[in-house]
Amino acid sequence: MQSVWTKPLAAGLLACLLAGLAQAQVLTGTLKKALDAGTVTLGYRESSIPFSYLSARGEPIGYAVDICRALVDAMGEEMGRELLIKWQPVTSESRIHAVVSGQVDMECGSTTSNLERQKLVAFSPTTFVSGTKLMVRKGSVVRSFRDLVGKRVVVTAGTTNEKAMRELSEKFKLNLDLLVSRDHAESFALLAADKADAFATDDVLLYGLLAQNKGQADYAVVGDFLSYDPYAIMYRKGDAQLAALVNKTFGSLAEEGDLERLYKRWFLRRLPSGVSINLPMSPQLATIIQTMGVKPE
């Protein structure tokens, strides 16, 4: 005979099981995948300082990485369980395919949200506003893109900067000798080895590389902005539940001041390397975050 204690226990377990099954049926897309696996796979960059890069211990760190951690926490709260993070390195060239193919669930780096990419993937609200500039050795004759006629310029494969420099070269007849590298660290190394006259990428990434490599005395970031690049977290297109959670989480992070605190942590204080980028928040980003934190009436 079944004891009176066993019946309530069995009923409780059955109720929990049915509730879990019901929740699993309601959730779709990335949230359903995370619930089933108990994990979320985040794509990170190895040298997009200070957004997403490796610490001295080989761990992914940075501004975008911290935002992605907050998104994973929100996903876990949504489904009532703790989610583990799996890390997957991506490059400028591989990142979009990694998201589309399901290799990663979100990409936490320095990725520009634009109309061309929005045809393939979805983006969070804007996390940073940047644009293409040039890094040169101090003493270089290059002060703007107009001084680049016939010169060697290194860009990182798969970036909006590569496209911007090709278009500038064609429009202004610069006849650039474009060198295309695997990642930002390799691009900087080519400039440092005098194999390029300039390195073209987003200004904040140039400042980040200078801070990480303590190169402020030897290099300069010059010229006007050559492109407009609003950064965002990238995830799979057509995932309505994840999109709603991402937007809600960003609203909370903005309203509670967390985005501003994260910005100060990575752009105004010292990085683990001991050097600060010392880059105040732009008026554009400040307005974006302020608007993000306003609840609809």
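What you see is a predicted model; the values in this text were computed from it and never measured.

So what's going on with the nonpolar core? Residues and values would help.
With 60 residues, the main nonpolar core has F51, M75, M106, F128 and F267 as its most contacted residues. Beyond its immediate stretch of four places on either side in the chain, F128 contacts F51, V204, D229, P230, Y231, Y263, F267, L279 and L285.

For the sheet that holds strand 15 (residues 234–236), give the residues involved together with the corresponding values.
In spatial order, the strands read 5-1-6-15-7; together these five strands make up an open sheet with mixed pairing. Each end of this open sheet is capped by a strand with a single partner; those strands are strand 5 (84–89) and strand 7 (121–123). The average angle at which neighbouring strand axes cross in this sheet is 30°, direction not considered. Bridge count for strand 1 (residues 39–44) against strand 6 (residues 106–108) is three bridges, and the pairing is parallel. Looking at strand 6, one finds that L42 is bridged to M106.

Go over the packing of helix 3 (residues 63–79) against helix 9 (residues 240–255), please, and point to the residues and values.
At a minimum axis separation of 10 Å, helix 3 and helix 9 run at an interaxial angle of 115°. Here the hand of the crossing between helix 3 and helix 9 comes out right-handed. Residues I67, A70, L71, A74, M75 and E78 of helix 3 lie in contact with helix 9, whose contacting residues are L242, L245, V246, T249, F250 and L253. Partitioned by chemical class, the residues of the contact of helix 3 with helix 9 number ten nonpolar, one polar and one charged.

A description of the pattern of salt bridges should follow, citing residues and the corresponding values.
Taken as a whole and assessed by the stated rule, the structure comprises eleven salt bridges. One salt bridge in this structure joins E116 and K163, with 3.2 Å as the shortest N-O distance. Of this pair, E116 sits in helix 5 (residues 115–118) while K163 sits in helix 6 (residues 160–171), and the two are 47 residues apart along the sequence. Linked by salt bridges that have partners in common, K33, D105 and R236 make up one network.

I'd like a description of the pairing of strand 9 (residues 132–137), backed by residues and values.
Within strand 9, five of the six residues are buried, which leaves the element mostly enclosed by the surrounding structure. Sheet topology note: the strand 9/strand 12 (residues 198–202) ladder contains four bridges and is antiparallel. Bridged to K133 within strand 12 is T201. Taken together, the four bridges between strand 9 and strand 13 (residues 219–222) define a ladder with antiparallel strand orientation. Bridging across to strand 13, R137 finds its partner in Y219.

Please set out the side chain of S124 residue by residue, giving values where relevant.
Tracing the backbone shows S124 in the loop between strand 7 and strand 8 (128–130). For S124, a relative accessible area of 8% gives the class buried. Apart from the residues lying within four places of it in its own chain, the contact partners of S124 are A232, I233, Y235, V246 and F250.

Go over empty space enclosed by the protein, please, and point to the residues and values.
Following the criterion strictly, the structure yields one cavity of 30 Å³ or more and no others. Approximately 60 Å³ is the volume found for the largest cavity. Taken together, 13 residues make up the lining of the largest cavity; nearest its centre are R95, S110, T159, N161 and D202. Taken together, the residues of the lining of the largest cavity break down into one nonpolar, eight polar and four charged.

Quick one: what's the story with the sheet that holds strand 4 (residues 60–61), residue by residue and with numbers?
A sheet is described by the order of its strands in space; here three strands give the open sequence 2-3-4, paired in antiparallel fashion. Pairing within the sheet leaves two strands with one partner each, and these edge strands are strand 2 (47–48) and strand 4. Here two bridges tie strand 3 (residues 52–54) to strand 4, and the two strands are oriented antiparallel to one another. Residue pairing across strands places Y53 opposite I61, the latter belonging to strand 4.

Before we move on, could you go through unusual backbone geometry and cite the residues and values that matter?
Here I49 and P50 are connected by a cis peptide whose omega angle stands at 0°. Here P50 shows up in the loop between strand 2 and strand 3. Of note, the phi angle at D194 is positive, near 60°, even though the residue is not glycine. You can call D194 partly exposed: its relative accessible area is 47%.

About the cut-offs
- Residues numbered from 1 in each chain as written.
- Predicted model: local features only at pLDDT ≥ 70, side-chain atom pairs only at ≥ 80, totals over all residues.
- Heavy atoms only, no water.
- Core = buried A, V, L, I, M, F, W, Y, C linked by side-chain atoms within 4.5 Å.
- Buried < 20%, exposed > 50% of the residue type's maximum accessible area, 1.4 Å probe, protein only.
- Contact = heavy atoms within 4.5 Å.
- Pairing = 2+ DSSP bridges.
- Helix = DSSP H or I, 4+ residues; strand = E, 2+ residues; numbered from the N terminus.
- Axes fitted to C-alpha atoms, helices over the stretch in contact; angles between N-to-C directions.
- Left-handed = near helix turned anticlockwise from the far one by under 90°.
- Nonpolar A, V, L, I, M, F, W, Y, C, P; charged D, E, K, R; others polar.
- Salt bridge = Lys/Arg side-chain N within 4 Å of Asp/Glu carboxyl O.
- 1 Å grid on protein atoms, 1.4 Å probe; cavity = no way out; pocket = protein on both sides within 12 Å on 5 of 7 lines; lining within 4 Å.
- Points joined across faces, edges and corners; volume = space filled by probe spheres on them.

Keep in mind these numbers describe shape, not what the thing actually does.
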